[in-house]
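Here are the chains, one letter per residue:
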Amino acid sequence: MSNLQIAALAYGATTLAYLVPTYIEGERTGGQWSPHRIAGLIFCLFWPLLTVVVLQKATAGASKPKFVFVHYAVTVQPIAASQARD
């Protein structure tokens, strides 16, 4: 089995995991095939891709250093130990 086949299988299984609850929810609310229900089922095909993108962004963003803006015209004076609040 190639990597592409494994990825397609994982994508299909994840899509099915999103699709089944959406279909069941539509059946429980009357079972009518409205445009919103059809759109919801179609969007289930894209949720796995969006999940991967969000997870990738979350993990990549956690390791990057945060940018801190420093304005050199403003000097910060250190607080003396006698002035520090507890």
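Note that the coordinates shown come from a computational prediction; the quantities given were computed from them, not determined experimentally.

1. So, the overall build of the chain
- Helix and strand counts for the chain stand at three helices and zero strands.
- Seen in sequence order, the chain has helices and strands lined up from the N terminus as α-α-α.
- Counting all 86 residues of the chain, 7% fall into the buried class.
- Element-wise, carbon and sulfur atoms account for 68% of the exposed surface of the chain, whose accessible area totals about 7,900 Å².

2. Quick look at the pattern of salt bridges
- The tally for this structure, following the rule as stated, stands at one salt bridge.
- When the shortest N-O distance is used, the salt bridge between glutamate 27 and arginine 37 registers 2.9 Å. Note that glutamate 27 is positioned in helix H1 (residues 3–28) and arginine 37 in helix H2 (residues 35–43), a separation of 10 residues in sequence.

3. Quick notes on the side chain of threonine 15
- Topologically, threonine 15 is positioned in helix H1.
- A distance of 2.8 Å separates the side chain of threonine 15 from the backbone oxygen of tyrosine 11, its partner in a polar contact.
- Threonine 15 has contacts with Cys44, Leu45 and Pro48, leaving out every residue within four places of it along the chain.

4. Some words on the confidence of the model for the chain
- In this model, the chain carries a mean pLDDT of 81, and residues with pLDDT of at least 70 account for 71%.
- Looking across the chain, the model is least confident in helix H3 (residues 47–63), with a mean pLDDT of 80, and most confident in H1, with 92.

5. Considering the packing of aromatic side chains
- Under the definition given, this model contains two aromatic pairs.
- Considering the side-chain rings of tyrosine 23 and tryptophan 33, the 6.2 Å spacing of their centres and the 40 degrees angle between planes classify their relative orientation as tilted. Highlighted residues: tyrosine 23 in helix H1 and tryptophan 33 in the loop between H1 and H2, separated in sequence by 10 residues.
- In this structure tyrosine 23 comes out as partly exposed when scored by relative accessible area, which is 38%.
- Consider the rings of phenylalanine 43 and tryptophan 47, whose centres lie 6.4 Å apart with planes at 50 degrees: the pair is tilted.
- In this structure phenylalanine 43 comes out as partly exposed when scored by relative accessible area, which is 48%.
- For tryptophan 47, a relative accessible area of 39% gives the class partly exposed.

6. Focus on the packing of H1 against H2
- Close contact between H1 and H2 brings their axes to 9 Å; oriented N to C, the two are set at 165 degrees. In terms of their interaxial angle, H1 and H2 are classed as roughly antiparallel. Taken as a pair, H1 and H2 cross one another with a handedness that is right-handed. Between H1 and H2, the residues in contact are Leu19, Thr22, Tyr23, Gly26 and Glu27 and Arg37, Gly40 and Leu41, respectively.
- Broken down by class, the residue content of the contact of H1 with H2 amounts to three nonpolar, three polar and two charged.

Rules used throughout
- Residues numbered from 1 in each chain as written.
- Predicted model: local features only at pLDDT ≥ 70, side-chain atom pairs only at ≥ 80, totals over all residues.
- Heavy atoms only, no water.
- Helix = DSSP H or I, 4+ residues; strand = E, 2+ residues; numbered from the N terminus.
- Buried < 20%, exposed > 50% of the residue type's maximum accessible area, 1.4 Å probe, protein only.
- Areas by Shrake-Rupley, 256 points an atom, 1.4 Å probe, with all protein chains shown as cover.
- Salt bridge = Lys/Arg side-chain N within 4 Å of Asp/Glu carboxyl O.
- Polar contact = N/O pair within 3.5 Å; in protein donor to acceptor, adjacent residues only side chain to side chain.
- Contact = heavy atoms within 4.5 Å.
- pLDDT = per-residue confidence, 0-100.
- Phe/Tyr/Trp six-rings, centres within 6.5 Å; stacked < 30°, edge-to-face > 60°.
- Axes fitted to C-alpha atoms, helices over the stretch in contact; angles between N-to-C directions.
- Parallel < 35°, antiparallel > 145°, perpendicular 65-115°, else oblique.
- Left-handed = near helix turned anticlockwise from the far one by under 90°.
- Nonpolar A, V, L, I, M, F, W, Y, C, P; charged D, E, K, R; others polar.

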